[in-house]
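# Working through the structure, step by step
Spelled out, the chains give:
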Amino acid sequence: MTNMVIFFFAGVVVYTLGKQLEKIEESTAFGRERFPYIPGLLSFREAPILLKAFKKLKNDPDVILFDGQGIAHPRHFGLASHVGLILDRRAIGCAKSRLVGEFRSVRNVVGAYSKLCYKNEVVGAVLRTKINTKPIFVSPGHKINLTLAIRIVLKACNGYRIPEPVRQAHLLVNKVRKEYTQ
DNA sequence: GCGACAG
DNA sequence: ATCTTGTCGC
């Protein structure tokens, strides 16, 4: 079982972010896993396949939400920064847990947040997107500031902890992976 | 050396 | 991330 080929799947879901949050396109891609998971080096593992999924997209998004960090990273260059730069699009990191930084507890009210500080610098926000659930870690990735990033993430949330586009991308990937595995 | 550590 | 059923709480 040591030479088993492991496949990696990625998914992108495009939404409108106007009056309604409406799904307008989906894209997936897969390929061989080529890099291990090492904290701080996530983009080396995920970016290649993620970029494959983005290439199939017909729409060209104004802003992209990533399942990972933006500048809240040891070298200020998380997945959202890295892929946002390559795609030259506004990008926001929306991670489910902390990689670096310290923060104070967040009030239990949707929209409340506390600054995520790392090496004497604000690198993101720990944002409450749903009551009675752990907050998420929002950080600018590319061509965006923290204030706007927070506003966009809150607009993209539909009552769930995870912003809807990210949540749907996750569900999409699991669906496709399961179909492929059968 | 010890602990922390996106997915 | 993944293993993995039911179950406790809003």
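The structure this text deals with has already been given above.
To keep things clear, this report deals only with the structure shown in the data block. Treat the numbers as computed from the prediction; the structure is a model and nothing was measured. (Residues numbered from 1 in each chain as written. Chains lettered and ligands numbered in written order. Predicted model: local features only at pLDDT ≥ 70, side-chain atom pairs only at ≥ 80, totals over all residues. Heavy atoms only, no water.)

## Quick word on the protein's contact with DNA strand B
- Among the 16 residues in the neighbourhood of DNA strand B, the closest are listed as Y37, Q69, K96, S97 and R98.
- Across the atoms of DNA strand B situated within 4 Å of the protein, the share located in sugar and phosphate is 52%.
- One of the backbone nitrogen or oxygen atoms of Q69 is found 2.9 Å away from a base nitrogen of DNA strand B.
- Between S97 and DNA strand B, the recorded distance is 3.0 Å, taken from a side-chain N or O atom to a phosphate oxygen.
- Taken together, the residues that form the surface near DNA strand B break down as seven nonpolar, six polar and three charged. (Near = heavy atom within 4 Å. Polar contact = N/O pair within 3.5 Å; in protein donor to acceptor, adjacent residues only side chain to side chain. Nonpolar A, V, L, I, M, F, W, Y, C, P; charged D, E, K, R; others polar.)

## Focus on the sheet that holds strand β7 (residues 136–142)
- With mixed pairing, the five strands of this open sheet are ordered in space as β3-β4-β7-β6-β5. The sheet is open, and its two borders are formed by β3 (63–66) and β5 (113–117), each paired with just one other strand. Between one strand axis and the next, the sheet turns through 30° on average, direction left out of account.
- In this sheet, β7 lies alongside strand β4 (residues 90–95) in antiparallel orientation, the contact comprising five bridges. Bridged to A91 within β7 is H142. (Pairing = 2+ DSSP bridges. Helix = DSSP H or I, 4+ residues; strand = E, 2+ residues; numbered from the N terminus. Axes fitted to C-alpha atoms, helices over the stretch in contact; angles between N-to-C directions.)

## Considerations on the pattern of salt bridges
- One pass over the full model with this rule turns up six salt bridges.
- Where K23 meets E26, a salt bridge forms, and the shortest distance between an N and an O atom there is 3.1 Å.
- In this structure K23 comes out as partly exposed when scored by relative accessible area, which is 35%.
- When its relative accessible area of 39% is taken as the criterion, E26 is described as partly exposed.
- Residue E164 is joined to R167 by a salt bridge in which the shortest nitrogen-to-oxygen separation is 3.0 Å. Taken together, the residues span about one helical turn, with E164 and R167 both in helix α4 (residues 164–181) at a distance of three residues. (Salt bridge = Lys/Arg side-chain N within 4 Å of Asp/Glu carboxyl O. Buried < 20%, exposed > 50% of the residue type's maximum accessible area, 1.4 Å probe, protein only.)

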